[in-house]
Amino acid sequence: MEAGVRLVTVDVRWWDTHFEGVESMREGFLPRWDRAYSALIEDLDQRGLLETTMVIGWGEFGRSPQMNNRAGRDHWPHVFSAAVTGGGIQGGRVVGSSDDKGGYPKDNPKSPQDVLATIYRHMGVDVNAEYLDHSGRPRPVLPNGKPIEELF
C-alpha cells in the first residue's frame, strides 16, 4: 500500500474444512484469522490508511448448510459471505440475507461479480470498459455485476 502496490492477495488454504470442520475452525483457523485480520484493520486505521485501503475477507465458495458425513462442510455456490471494510466502506452493515438454513439467498442477493465490481470501483477500474483480446474480439472487464451501493 505504502509502496504503491494496487492489489495484494493473501491465499489462506486452511479455511477449506471438508472434515472435522467445527474443531478445525475453532482450534486452528479462526483464532489465527481473527488475530491477523483484526490486527491488519487496526494497523491500517491507526496509520490513517484504512480510508484509502479496502480489505476483503472472502472465499471462492460458500459452505454447505449441512455437515457432510465427515463432520465438515463442502463447497456451496448458492450463498457466501464477504467481510469488507476500508476504502470508503461504511462499517457495521449487513447486505442481503439467506434463508434460515443458510442455503439460499432470501433478501437482496449479491453475486461474486457484484463484489468484484465493488473492488474495481475502489481501484478506479471502469467495469463497463471492453478490451480487445489477441484475436481482436472485444472482452468486457466484467461481463456483469455492479458495485454494492449499500456499503458506501
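What this report covers is the structure whose coordinates are included nearby. Every value quoted in this text rests on a predicted model; they were computed, and no experiment measured them.

## Here we look at the layout of surface pockets
- Here the second largest pocket defines a volume of roughly 550 Å³.
- Taken together, the elements giving at least two residues each to the lining of the second largest pocket come down to β4 (82–86), β5 (97–98), β6 (105–107) and α2 (112–123).
- A total of three residues in the lining of the second largest pocket trace back to one element, the largest contributor, which is β4.
- Per-class residue counts for the lining of the second largest pocket are 14 nonpolar, eleven polar and three charged.

## Focus on the nonpolar core
- In terms of nonpolar packing, the biggest core is built from seven residues, these being Met54, Ile89, Val115, Ile119, Met123, Ile148 and Leu151.
- For this core, the leading source of residues is α2, giving three residues.
- Setting aside residues up to four positions removed in sequence, Met54 forms contacts with Val84, Thr85, Gly86, Gly87, Ile89, Thr118, Ile119, His122 and Phe152.
- One finds Tyr37, Ile41, Leu49 and Val55 within the second-largest nonpolar core, a separate group that totals six residues.

## A short note on unusual backbone geometry
- A positive phi angle, near 60°, is found at Ala71, a position not held by glycine.
- Structurally, Ala71 can be placed in the loop between β2 (62–63) and β3 (75–76).
- Residue Ala71 is classed as partly exposed on the basis of its relative accessible area, which comes to 37%.
- Even without being a glycine, Asn108 presents a positive backbone phi close to 50°.
- Within the secondary structure layout, Asn108 lies in the loop between β6 and α2.

## Considerations on the side chain of Asp114
- Looking at where Asp114 falls in the secondary structure, it is placed in helix α2.
- No salt bridge is formed by the buried Asp114; the nearest opposite charge belongs to Lys110, separated by 5.3 Å.
- Each residue touching Asp114, except ones within four places of it in the same chain, is listed here: Gly145, Lys146, Pro147 and Ile148.

## A closer look at helix α1 (residues 21–46)
- Roughly 45° is the biggest bend found in α1, and it falls at Phe29, with proline Pro31 one to four residues downstream.
- For α1, the full list of buried residues reads Gly21, Met25, Gly28, Phe29, Tyr37, Ile41 and Leu44.
- Its buried side turned inward, α1 meets β1 (54–58) and β4.
- Looking one or two places after α1, you find Gly48, whose phi comes out positive at around 75°.

## Brief notes about the packing of aromatic side chains
- This model, assessed by the stated rule, comprises four aromatic pairs.
- Ring plane angle 20° and centroid distance 5.8 Å describe the contact between Phe29 and Trp33, whose orientation is recorded as stacked. Highlighted residues: Phe29 and Trp33, both in helix α1, separated by four residues, approximately one helical turn.
- Over the ring of Phe152 we find Arg121, and its NZ or CZ is 4.0 Å from the ring centre.

Reading the values: rules and limits
Residues numbered from 1 in each chain as written. Predicted model: local features only at pLDDT ≥ 70, side-chain atom pairs only at ≥ 80, totals over all residues. Heavy atoms only, no water. 1 Å grid on protein atoms, 1.4 Å probe; cavity = no way out; pocket = protein on both sides within 12 Å on 5 of 7 lines; lining within 4 Å. Points joined across faces, edges and corners; volume = space filled by probe spheres on them. Helix = DSSP H or I, 4+ residues; strand = E, 2+ residues; numbered from the N terminus. Nonpolar A, V, L, I, M, F, W, Y, C, P; charged D, E, K, R; others polar. Core = buried A, V, L, I, M, F, W, Y, C linked by side-chain atoms within 4.5 Å. Buried < 20%, exposed > 50% of the residue type's maximum accessible area, 1.4 Å probe, protein only. Contact = heavy atoms within 4.5 Å. Lys, Arg positive; Asp, Glu negative; His and termini not counted. Salt bridge = Lys/Arg side-chain N within 4 Å of Asp/Glu carboxyl O. Bend = angle between axes of the 7 residues up to and from the residue. Phe/Tyr/Trp six-rings, centres within 6.5 Å; stacked < 30°, edge-to-face > 60°. Lys NZ or Arg CZ within 6 Å of the ring centre and 35° of its normal.

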